[in-house]
Amino acid sequence: MKKLLLILGFVCFQSFFAQNIMDLDLKNVELQGMQPVKINKEMKAAGITKVPFVTDNPSVISKIADKEIASKIKKIYCFVYDDPKDNLNDGGVYVYQFNTKKDLDNYLTKNFEQPNYRVLVKDLFYIRIWSDYGYQIEGKETSDDHLNKLEKYYTNLGAKKIRLKQDKSNITVVQ
């Protein structure tokens, strides 16, 4: 009986203190050249009121996520960065918590590999990190450096990077 109580206690302790991807605000992740985005009119209209932002409100989710998947998402987390001096540079993370594994898997099959973002998965969480940091200044971080930092952050939480299929629609054959 004591062993059973110890095991139950340990499991409860582990689950209580386990980090949830949705609860984190990337406090320890710094993307050189960028800072957390200031809320603009477009974000307010979508229902995003602060950064980081978490919602389980279906009407807000439908404004943020693609219409075809919004009803399949239980919760959205986003943390967006930008370069206050140049509005073309941005980056961050969107995490979608899907209702079912099947919904997540179906969504993954519709996504394509892109150089400016990476996709990670943990349980029912789809994690898309991206960086459109266009400066290539020697001694400064690049878009890839930002992606590597964000990827490391989420892999340390148990997420796995996945490879998406290649988008063949933008490949031209040269003869």
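Residues numbered from 1 in each chain as written. Predicted model: local features only at pLDDT ≥ 70, side-chain atom pairs only at ≥ 80, totals over all residues. Heavy atoms only, no water.

### A few points about the overall build of the protein chain
When its secondary structure is counted, the protein chain shows 6 helices and 7 strands. Counting helices and strands in the order they occur from the N terminus, the protein chain gives α-β-α-β-α-α-β-β-α-β-β-α-β. Looking at the protein chain residue by residue over its 175 residues, the buried ones come to 39%. Within the protein chain, contacts between residues separated by at least 24 positions form 62% of all contacts whose residues are at least 6 apart in sequence. Carbon and sulfur atoms make up 53% of the accessible area of the protein chain, which amounts to about 11,500 Å² in all. (Helix = DSSP H or I, 4+ residues; strand = E, 2+ residues; numbered from the N terminus. Buried < 20%, exposed > 50% of the residue type's maximum accessible area, 1.4 Å probe, protein only. Contact = heavy atoms within 4.5 Å. Areas by Shrake-Rupley, 256 points an atom, 1.4 Å probe, with all protein chains shown as cover.)

### Concerning helix α5 (residues 101–109)
Restricting attention to buried positions, one finds in α5 the residues D103, L104, Y107 and L108. Here the buried residues of α5 occupy an arc of 135° about the axis, which is enough to place them on one side. Check the buried side of α5 and you find it contacts α4 (67–70), β4 (86–98), β5 (117–122), β6 (125–131) and β7 (160–162). (Arc of directions from axis to C-beta.)

### A word on the environment of A159
Along the polypeptide, A159 turns up in the loop between α6 (143–155) and β7. Here A159 falls in the buried class, since its relative accessible area comes to 4%. On a C-alpha basis, the gap between A159 and F125 in space is 8.6 Å, while along the polypeptide they are 34 residues apart. In contact with A159, not counting residues within four places along its chain, are L120, V121, K122, I127 and Y154.

### Examining the pattern of salt bridges
This structure, assessed with the given rule, holds 4 salt bridges. Linking D105 and K101 is a salt bridge whose minimum nitrogen-to-oxygen distance equals 3.1 Å. In this pair, D105 and K101 are both assigned in helix α5, 4 residues apart and thus about one turn of the helix distant. With a closest N to O distance of 3.9 Å, R118 and D144 form a salt bridge. In this pair, R118 sits in strand β5 while D144 sits in helix α6, placing the two residues 26 residues apart along the sequence. Given the relative accessible area of 13%, R118 is considered buried. Within this structure, R118, D144, E151 and K161 form a network of salt bridges that share partners. (Salt bridge = Lys/Arg side-chain N within 4 Å of Asp/Glu carboxyl O.)

### Brief notes about the pairing of β6
Extensive coverage of β6 is indicated by the burial of 6 of its 7 residues. Sheet topology note: the β4/β6 ladder contains 7 bridges and is antiparallel. Its bridge partner being in β6, Y96 is matched across the sheet by Y126. Across 6 bridges, the pairing between β5 and β6 is antiparallel. (Pairing = 2+ DSSP bridges.)

### Focus: the confidence of the model for the protein chain
Chain-level pLDDT for the protein chain is 80 on average; 77% of the residues reach the 70-or-more range. Taken element by element, the predicted model of the protein chain shows its lowest mean pLDDT in helix α1 (residues 2–17) (42) and its highest in α5 (94). Residue range residues 3–18 is modelled with pLDDT below 50. Its contacts to residues more than four positions away, or to other chains, number 0 contacts. (pLDDT = per-residue confidence, 0-100.)

### Considerations on α6
With 13 residues, α6 extends 18 Å from end C-alpha to end C-alpha; this agrees with the ideal 18 Å at 1.5 Å per step. Inspection of α6 places S143, H146, L147, L150, E151, Y153 and Y154 among the buried residues, and these make up the whole buried set. Summarising the axial view, the buried residues of α6 lie within an arc of 155°, below the 170-degree limit, and thus occupy one face. Tucked into the core, α6 has its buried residues touching β3 (73–83), β4, β5, β6 and β7. (Expected span 1.5 Å × (residues − 1).)

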